[in-house]
Amino acid sequence: MNGQEIQTILEKQVTLHKSLSVIVKEKTNFIIKQDVKALTASLQKEQSHIAAISALETKRIEAMEKSGHAAHSIEEIAGSFSEYSILISFQKQLIDIIQDIKYANDLNNQLLTQSLQLIHTELDLLVPSKREDSFNYTKTNNRSFQSNSIFNSKA
């Protein structure tokens, strides 16, 4: 495989990462709106994008190996391709997009954590705690008091 085929794979990776970035940002809106159905659909799209990105990465590695370059990074093959500056451009784009995705995922994680904390707080308010039960003098279970004495008077 030549440099043009590797360049084509990198172009596809950049396109998929940009699309993944849009999906991750949409997830933020769905979390804020508490739209579970849309969030689930978004997660499915995200998983399919991740699978496609992984497949492209595998193709890229195979292309690098077939072209006689066992290197997995652009810096290691700097002198081999005449399109080195183009490869560096793709590398910078991917780094920027991945950092953007990471930031959005961190934000989504914080929003979900806060949402779960709110749910736990609301549940604590709705469900009486065990401490409150200990001060309740009316028992729902009306079993008679059974003594644990050694002597059984019924015998």
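For the structure, see preceding data.
What you are looking at is a predicted structure, and each value in this text was computed from that prediction instead of being measured.

Chemist: What am I meant to see in the nonpolar core here?
Modeler: A general trend in soluble globular proteins is that nonpolar side chains are found buried together. Ile-6, Leu-10, Val-14, Leu-20, Val-24 and Ile-101 are the most contacted members of the largest nonpolar core, which has 16 residues in total. Elements with a contribution of two residues or more to this core: helix H1 (3-33), helix H2 (36-66) and helix H3 (84-126). In this structure Leu-20 touches Glu-46, His-49, Ile-50, Ile-53 and Ile-101, once residues within four positions along its chain are discounted.

Chemist: Mind showing me how you'd approach the pattern of salt bridges here?
Modeler: Oppositely charged side chains can form a pair if their charged atoms are brought close together. Considering all chains together, one arrives at four salt bridges under this definition. Taking the shortest distance from any N to any O, the salt bridge between Asp-100 and Lys-25 comes out at 2.8 Å. Here the residue Asp-100 occupies a position in helix H3, and Lys-25 occupies one in helix H1, the gap between them amounting to 75 residues. Where Asp-106 meets Lys-102, a salt bridge forms, and the shortest distance between an N and an O atom there is 3.2 Å.

Chemist: Honestly, H3 in this entry has me stumped. Any pointers?
Modeler: Along an α-helix, residues three or four positions apart point the same way, because every turn accommodates 3.6 residues. Taking 1.5 Å per residue as the helical rise, H3 with its 43 residues ought to reach 63 Å, and the 63 Å between its terminal C-alpha atoms agrees with that figure. The complete set of buried residues in H3 reads Leu-87, Ile-88, Phe-90, Leu-94, Ile-97, Ile-101, Ala-104 and Asn-108. As for H3, its buried residues are in contact with H1.

Chemist: Teacher, can you tell me more about the packing of H1 against H2 here?
Modeler: Helix-helix packing: each pair is described by the crossing angle between the helix axes and the interaxial distance. Where H1 contacts H2, the axes come no closer than 9 Å and their chain directions differ by 160 degrees. Viewed along their axes, H1 and H2 adopt a mutual orientation that is roughly antiparallel. For the pair H1 and H2, the crossing hand works out as left-handed. Class assignment of the residues belonging to the contact of H1 with H2 gives a composition of 18 nonpolar, five polar and eight charged.

Chemist: Would you mind going over the environment of Asp-100 with me for this structure?
Modeler: Judged by relative accessible area, Asp-100 falls into the partly exposed class, the value being 28%. Separated by 79 residues in sequence, Asp-100 and Ser-21 have C-alpha atoms that sit 7.1 Å apart. In this structure, Asp-100 is in contact with Ser-21 and Lys-25, ignoring residues within four places of it in sequence.

Basis of the calculations
- Residues numbered from 1 in each chain as written.
- Predicted model: local features only at pLDDT ≥ 70, side-chain atom pairs only at ≥ 80, totals over all residues.
- Heavy atoms only, no water.
- Core = buried A, V, L, I, M, F, W, Y, C linked by side-chain atoms within 4.5 Å.
- Buried < 20%, exposed > 50% of the residue type's maximum accessible area, 1.4 Å probe, protein only.
- Helix = DSSP H or I, 4+ residues; strand = E, 2+ residues; numbered from the N terminus.
- Contact = heavy atoms within 4.5 Å.
- Salt bridge = Lys/Arg side-chain N within 4 Å of Asp/Glu carboxyl O.
- Expected span 1.5 Å × (residues − 1).
- Axes fitted to C-alpha atoms, helices over the stretch in contact; angles between N-to-C directions.
- Parallel < 35°, antiparallel > 145°, perpendicular 65-115°, else oblique.
- Left-handed = near helix turned anticlockwise from the far one by under 90°.
- Nonpolar A, V, L, I, M, F, W, Y, C, P; charged D, E, K, R; others polar.

So yeah, pure geometry; function would need other evidence.
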